[in-house]
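As a plain string of letters, each chain reads:
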Amino acid sequence: MNRSGEPDPEFFEKLWRATYRRAKRPVEGVLIPDEAAGALASEIFENLLDRYKLRPPDAEFSAEALEGAHDHARHNVATDRTAQSDPQICHDPEDERYEKNLDLNRLQKKEGGGFSDREWNGLDPILRPFGFHLLLRKGLGNQDAEDVYLETFAELARERAKDGKAPVEAIVVFEEVIPLFSKMIQFRAIDWRRKQGALKNQPNTQSSFEDLTEREEGAMQFEDESADPDRGLGQLSFDEIYRQCGEVLNECQWHLIFTVYVAQSATMGELCEDPEILEQLGLDPDHSISKKRRILNEALEEALGKLQKCLLS
């Protein structure tokens with residue numbers, strides 16, 4: 001229906017197909033049978049149509065449908081896995097990132113205020129290749145990468161002061177642990193680069209002349225910025241932009257820029273569901289999706305504007 005309540009077949013047909021695809025594959029590695037995905041998509045549409053007497057703007061309606069499919073599909077899979085004690089239910093057989101799912105219920109089980117189940121022994125071999133791939137791409141050396149990786153791995157089980165929950169408790173299906181860990185380790189890598197940049201700006205912080213001339217990050221201090229005066233801003237890498245503008249943005253802004261434009265590891269809709277992002281943007285989970293998207297877009301535009309001003313100054 002349009003704003004006056006009349007049907008809009010073309011819009012609904014396209015949106016239903018998109019909702020079905022999201023219900024069938026809510027996250028990478030999860031594959032729901034066709035019949036179950038179709039039934040869920042139909043149920044979501046019926047609920048939305050019952051809720052609205054007049055359809056809201058297309059963008060808001062679409063976001064509600066797609067995020068509903070993403071949310072309900074994951075919870076349905078988690079419920080089935082728990083009921084049948086089988087973590088492999090609805091795991092995509094073509095997903096070759098790791099051998100098999102771990103039991104998320106055991107990973108999230110607390111004993112004595114912490115996570116001590118032996119299932120955690122299988123998590124490091126799964127996450128380590130992904131973590132180190134991202135860290136090495138960010139220019140961290142082997143020992144620095146090891147330190148940042150271990151800190152991030154420990155953070156998975158560390159309770160947050162604001163709600164008493166650890167990051168691992170926020171996921172619904174095991175397949176979400178890789179994107180969650182990737183997001184966390186990227187954020188820590190940015191923070192590590194920021195701290196290293198601050199150290200290099202202090203006198204006498206390098207341990208030797210060799211550090212200044214041989215190490216990649218040290219050698220950057222001696223680059224002749226006029227060596228390639230014709231190179232445009234569009235040719236700058238993210239690392240180069242970060243070196244020039246490291247102090248211009250706060251950690252949340254750098255995280256948003258890296259996630260959306262560099263790693264492309266999360267959609268806008270997924271960021272709107274991230275409780276940490278919402279808190280940093282002054283939003284509540286109960287706020288409408290349209291408000292969340294508006295505030296998130298404003299935050300990204302502000303960050304891009306600051307970067308542009310920094311690079312052109």
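Here the structure is shown first, and the text comes after it.
Quick look at the structure, then.

Parameters at a glance
The written sequence of each chain sets the order in which its residues are numbered from 1. The predicted nature of this model means local features are confined to residues of pLDDT at least 70 and side-chain atom pairs, given and counted, to a pLDDT of 80 or more, with totals for whole chains, interfaces and linings taken over all residues. Side-chain figures throughout are based on the complete set of non-hydrogen atoms in the structure, without hydrogens or water. Note on geometry: axes are lines fitted to C-alpha atoms, helical ones only across the stretch in contact, with angles between N-to-C directions running from 0 to 180 degrees. Only DSSP runs of H or I reaching four residues or more are called helices, and only runs of E reaching two or more are called strands; each is numbered from the N terminus. Oblique is the label for any angle not under 35 degrees, not over 145, and not in the 65 to 115 range, which are roughly parallel, roughly antiparallel and roughly perpendicular in turn. By definition, any crossing whose near helix is turned counterclockwise from its far helix by less than a right angle is left-handed, and any crossing with a clockwise turn is right-handed. The criterion used for residue contact is that any of the two residues' heavy atoms lie within 4.5 Å. Expected helix span is taken as 1.5 Å per residue step, with the number of steps being one fewer than the number of residues. Throughout this description, buried means an accessible area under 20% of the type-specific maximum (1.4 Å probe, protein chains only), exposed means over 50%, and partly exposed covers the range between. The directions from the helix axis to the C-beta atoms form the arc being described. Centre distance within 6.5 Å is the pairing criterion for rings of Phe, Tyr and Trp, where only the six-membered ring of Trp is used; planes under 30 degrees apart are then read as stacked, over 60 as edge-to-face, and the remainder as tilted. Buried Ala, Val, Leu, Ile, Met, Phe, Trp, Tyr and Cys residues form a nonpolar core when they are joined through side-chain atoms within 4.5 Å. Residue polarity is assigned by list, with Asp, Glu, Lys and Arg as charged and Ala, Val, Leu, Ile, Met, Phe, Trp, Tyr, Cys and Pro as nonpolar; anything else, Gly included, falls into the polar class.

## Remarks on the packing of helix H5 (residues 123–137) against helix H6 (residues 142–156)
Okay, step 1: It is the contact of H5 with H6, at a shortest axis distance of 10 Å, that shows an interaxial angle of 130°. The angle between H5 and H6 places the two elements in the oblique class. At the point where H5 passes H6, the crossing takes the right-handed sense. Residues Leu123, Asp124, Leu127, Arg128, Gly131, Phe132, Leu135 and Leu136 of H5 lie in contact with H6, whose contacting residues are Asn142, Ala145, Glu146, Val148, Tyr149, Leu150, Phe153 and Leu156.

## Digging into the side chain of Lys24
Okay, step 1: Within the secondary structure layout, Lys24 lies in helix H1 (residues 9–24).
Okay, step 2: With near-sequence residues (within four places) excluded, Lys24 lies in contact with Val30, Leu31, Ile32, Pro33, Asp34 and Ala37.

## Observations regarding helix H2 (residues 34–51)
Okay, step 1: Taking 1.5 Å of rise per residue, the 18 residues of H2 would be expected to cover 26 Å, and the 26 Å separating its terminal C-alpha atoms lies within 8% of that figure.
Okay, step 2: Those residues of H2 that sit buried are Ala37, Gly38, Leu40, Ala41, Ile44, Phe45 and Leu48. Buried residues of H2, viewed axially, fall in a sector of 165°; they line one side. Opposite the buried face of H2, at more than 90 degrees from it, the exposed residues are Glu35, Glu46 and Asp50.
Okay, step 3: Structurally, H2 contributes buried residues whose contacts are with H1 and helix H3 (58–84).

## Quick word on the packing of aromatic side chains
For any pair of aromatic rings, the description consists of the separation of the ring centres together with the inter-plane angle of the planes.
Okay, step 1: The final tally for this structure, using the stated rule, is 10 aromatic pairs.
Okay, step 2: An angle of 85° between the planes, with centres 6.3 Å apart, marks the rings of Phe45 and Phe61 as edge-to-face. Highlighted residues: Phe45 in helix H2 and Phe61 in helix H3, separated in sequence by 16 residues. Judged on exposure class, the residue Phe45 and its partner Phe61 are both buried.
Okay, step 3: Taken together, a centroid distance of 5.7 Å and an interplanar angle of 85° make the contact between Tyr98 and Phe174 edge-to-face. You can see Tyr98 sitting in the loop between H3 and helix H4 (104–107) and its partner Phe174 sitting in the loop between H6 and helix H7 (177–200), a full 76 residues away along the chain. Pair check on accessibility: Tyr98 and Phe174 agree, each one buried.

## Considering H1
Okay, step 1: Here H1 spans 22 Å end to end across 16 residues, near enough to the 22 Å set by a 1.5 Å rise per residue.
Okay, step 2: Those residues of H1 not exposed but buried are Phe11, Phe12, Leu15, Ala18, Thr19, Tyr20, Ala23 and Lys24.
Okay, step 3: Along its buried surface, H1 packs onto H2 and H3.

## Re the environment of Asn105
Okay, step 1: Here Asn105 lies in helix H4.
Okay, step 2: Along the primary structure Asn105 and Arg81 are separated by 24 residues, whereas in three dimensions their C-alpha atoms are 9.4 Å apart.

## Quick word on the nonpolar core
Okay, step 1: Ranked by size, the top nonpolar core spans 30 residues in total, and within it Leu123, Leu127, Leu156 and Phe174 carry the most contacts.
Okay, step 2: Contributing elements (two or more residues each) for this core: H4, H5, H6 and H7.
Okay, step 3: Considering every element that reaches this core, the biggest residue donor is H7, with eight residues.
Okay, step 4: Among all residues touching Leu123, those that are not within four sequence positions of it are Leu102, Phe153, Leu156, Phe174 and Val177.
Okay, step 5: Ala63, Tyr242, Leu283 and Leu296 belong to the second largest nonpolar core, which has 27 residues in total.

## Quick notes on the packing of H1 against H3
How two helices pack is summed up by the angle between their axes together with the distance between the axes.
Okay, step 1: One can describe the packing of H1 onto H3 by two numbers: an axis separation of 8 Å at closest approach and a directional angle of 25°. Relative to H3, the element H1 lies roughly parallel. The chirality of how H1 crosses H3 is right-handed. Each of Phe11, Phe12, Leu15, Ala18, Thr19, Arg22 and Ala23 in H1 lies in contact with H3, whose residues at this interface are Asp58, Phe61, Ser62, Ala65, Leu66, Ala69, His70 and Ala73.
Okay, step 2: Considered class by class, the residues forming the contact of H1 with H3 number 10 nonpolar, three polar and two charged.

## What about unusual backbone geometry?
Okay, step 1: Although it is not a glycine, Ser85 sits at a positive phi angle of roughly 50°.
Okay, step 2: Mapped onto the secondary structure, Ser85 falls in the loop between H3 and H4.
Okay, step 3: Not every positive phi belongs to a glycine, and Cys90 is a case in point at roughly 65°.
Okay, step 4: Here Cys90 is to be found in the loop between H3 and H4.

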